[in-house]
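One letter stands for each residue in the lines below.
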Amino acid sequence: TDAPPPGGLPGGVAPFPRAGEEGYVLSVAASTGGVRIVVASDTEHGLWNGAMTLRQLLLDAAGVRETAVTPQLAFDYPDQPIRGASPAELAFATTDASGNFVVSAVQLAALDALALVKMNFAIFPSRTLATTALEWSRSRQAFAALQRAAADRFIELVPSIGTLQSDWAPTYRD
């Protein structure tokens, strides 16, 4: 039958000890009438990472569905605990009708691109938003919103703190 074995993984496949918080097992197997895909992990972060790999398998670079998926079995986990980048697009904030900074589509796309390759840190160019006290108040709210969007993708947003004069240091983990 096509009923998945316990845990949804192919027979003989079990969780592996090196999986950690971010590891997962991905199985793509032929099944009666199609393909059976299983992503398994002990954690939400591992499931997210497995889903990102599955997305890479199912969509081409332009986001168009692939016509065929090759059967495979993958045991995956990160080699390094910290994987990150500082995409310039994170600096592209926008404002709403009231002049408040809001998370932009460009910023969300940058976070999505990092998530797709399983980056877990993004460095934010801290001096790009605030230049006045009023802007600081608004930009702090925007930074918090961007932090939430990053966290939804298992990315920790870290402000670039280049000098001791940076006013972002005390707010990083607020």
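The present account deals with the structure reproduced in this document. (Residues numbered from 1 in each chain as written. Predicted model: local features only at pLDDT ≥ 70, side-chain atom pairs only at ≥ 80, totals over all residues. Heavy atoms only, no water.)

### Comments concerning the overall build of the chain
Tallying secondary structure elements over the chain gives three helices and eight strands in all. Taken from the N to the C terminus, the helices and strands of the chain come in the order β-β-α-β-β-β-β-α-β-α-β. Each of the 174 residues in the chain was classed as buried or not, and the buried ones make up 32%. Looking at the chain alone, contacts between residues at least 24 apart form 63% of all its contacts between residues at least 6 apart. Per element, the accessible surface of the chain, about 10,100 Å² overall, is 58% carbon and sulfur. (Helix = DSSP H or I, 4+ residues; strand = E, 2+ residues; numbered from the N terminus. Buried < 20%, exposed > 50% of the residue type's maximum accessible area, 1.4 Å probe, protein only. Contact = heavy atoms within 4.5 Å. Areas by Shrake-Rupley, 256 points an atom, 1.4 Å probe, with all protein chains shown as cover.)

### Looking at helix α1 (residues 44-58)
Along an α-helix, residues three or four apart share an orientation, since each turn contains 3.6 residues. Helix length check: α1 (15 residues) gives 21 Å between terminal C-alpha atoms against 21 Å at 1.5 Å per residue, within 8%. Among the residues of α1, those classed as buried are His45, Gly46, Asn49, Gly50, Met52, Thr53 and Leu54. On its buried face, α1 is in contact with β1 (24-31), β2 (34-40), β3 (72-76) and α2 (105-116). (Expected span 1.5 Å × (residues − 1).)

### Side note on the pairing of β2
Of the pairings in the sheet, the one linking β1 to β2 comprises seven bridges and is antiparallel in character. Directly across from Ser27, in β2, lies its bridge partner Val38. Where β1 hands over to β2, the hairpin turn is made up of two residues, of which Gly33 adopts a positive phi near 80°. (Pairing = 2+ DSSP bridges.)

### Here's the deal with the sheet that holds β3
Here we have three strands laid out as an open sheet, ordered β2-β1-β3, and antiparallel in their pairing. A single partner strand is all that each edge strand has here, and the edge strands are β2 and β3. Going across the sheet, the axis of each strand differs from the next one's by a mean of 10°, ignoring polarity. Two elements, β1 and β3, share five bridges in a ladder whose sense is antiparallel. What sits directly across from Val28, in β3, is Gln72. (Axes fitted to C-alpha atoms, helices over the stretch in contact; angles between N-to-C directions.)

### Remarks on the side chain of Thr53
Relative to the helices and strands, Thr53 is located in helix α1. Judged by relative accessible area, which is 13%, Thr53 ranks as buried. If we ignore the near neighbours within four places in the chain, the residues touching Thr53 are Tyr24, Leu26, Asp76 and Lys118.

### A look at the pattern of salt bridges
Enumeration over the complete set of coordinates arrives at three salt bridges. For Asp76, the salt bridge goes to Lys118, with nearest N and O atoms at 4.0 Å. Highlighted residues: Asp76 in strand β3 and Lys118 in the loop between α2 and β7 (121-124), separated in sequence by 42 residues. On the accessibility criterion, Asp76 (26% relative accessible area) is partly exposed. (Salt bridge = Lys/Arg side-chain N within 4 Å of Asp/Glu carboxyl O.)

### Examining the packing of aromatic side chains
According to the stated counting rule, one finds one aromatic pair in the structure shown. Aromatic side chains Trp48 and Phe154 sit 5.9 Å apart centroid to centroid with 50° between the ring planes, which places their arrangement in the tilted category. On the criterion of sequence distance, the pair formed by Trp48 in helix α1 and Phe154 in the loop between α3 (133-151) and β8 (156-159) is long-range, its members being 106 residues apart. Overall, Trp48 belongs to the partly exposed group, its relative accessible area being 24%. Judged by its relative accessible area of 25%, Phe154 falls in the partly exposed class. (Phe/Tyr/Trp six-rings, centres within 6.5 Å; stacked < 30°, edge-to-face > 60°.)

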